[in-house]
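Per-entry structural report
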Amino acid sequence: MSLLSELKNDLSALGIPVETGAMTDKAPERYIVLTPLADTFDLHADNLPGVEIQEVRVSIFTNGSYTAAKKQLVRILLNGDYTITDRRYNGYETDTGYHLYTVDVAKFYETEE
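A short tour of the structure in this document, coming up. (Residues numbered from 1 in each chain as written. Predicted model: local features only at pLDDT ≥ 70, side-chain atom pairs only at ≥ 80, totals over all residues. Heavy atoms only, no water.)

1. What about the overall build of the chain?
- Per the secondary structure count, the chain includes two helices and five strands.
- Helices (α) and strands (β) of the chain occur, in sequence order from the N terminus, as α-β-β-β-α-β-β.
- In terms of its C-alpha atoms, the chain occupies a principal-axis envelope of roughly 50 × 25 × 25 Å.
- Across the chain, every contact between residues at least 6 apart in sequence was considered, and the portion connecting residues at least 24 apart equals 56%.
- As displayed, the chain offers around 6900 Å² of accessible surface, 47% of which is attributable to carbon and sulfur atoms.
- Looking at charge distribution, the chain has the averaged site of its 10 positive side-chain charges lying 13 Å from that of its 18 negative ones. (Helix = DSSP H or I, 4+ residues; strand = E, 2+ residues; numbered from the N terminus. Contact = heavy atoms within 4.5 Å. Areas by Shrake-Rupley, 256 points an atom, 1.4 Å probe, with all protein chains shown as cover. Lys, Arg positive; Asp, Glu negative; His and termini not counted. Charge placed at Lys NZ, Arg CZ, Asp CG, Glu CD.)

2. Digging into the pattern of salt bridges
- Considering all chains together, one arrives at three salt bridges under this definition.
- E6 is the salt-bridge partner of K107, the closest N and O atoms lying 2.8 Å from each other. Of this pair, K107 sits in strand β5 (residues 98-110) while E6 sits in helix α1 (residues 3-11), and the two are 101 residues apart along the sequence.
- The salt bridge partner of D86 is R88, with a shortest N-O separation of 2.8 Å. (Salt bridge = Lys/Arg side-chain N within 4 Å of Asp/Glu carboxyl O.)

3. Observations regarding the packing of aromatic side chains
- The final tally for this structure, using the stated rule, is five aromatic pairs.
- Relative to Y101, the ring of Y66 has its centre 5.7 Å away and its plane inclined at 20 degrees; by these criteria the two rings are stacked. Taken together, the residues span a long stretch of sequence, with Y66 in the loop between β3 (51-62) and α2 (67-79) and Y101 in strand β5 at a distance of 35 residues.
- Looking at Y101, the relative accessible area reads 7%, which means it is buried. (Phe/Tyr/Trp six-rings, centres within 6.5 Å; stacked < 30°, edge-to-face > 60°. Buried < 20%, exposed > 50% of the residue type's maximum accessible area, 1.4 Å probe, protein only.)

Spelled out as structure tokens, the structure:
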């Protein structure tokens, strides 16, 4: 399992289109873009990591109020056992009319031997 696939599955409950990297279709009133940030191993004394840490930025774009969508998004992430590492309002894009809110998440996955 990967963080991107888990997020796509869990965020489908919002009924908002979810894309990876960029919205490739005509942008709807609300949509989510997932951006991979990092795939890392924790440091281990024997140099054989037991877990991989995957991190993704979840960006929600909305033409209307972002607060309701933000609350729904955060609730799904917390209930899905994701670690939220950052949340922030990134502003209003005057050229597109979208508010942008981002939530960075991380999840630990056992490495396969």
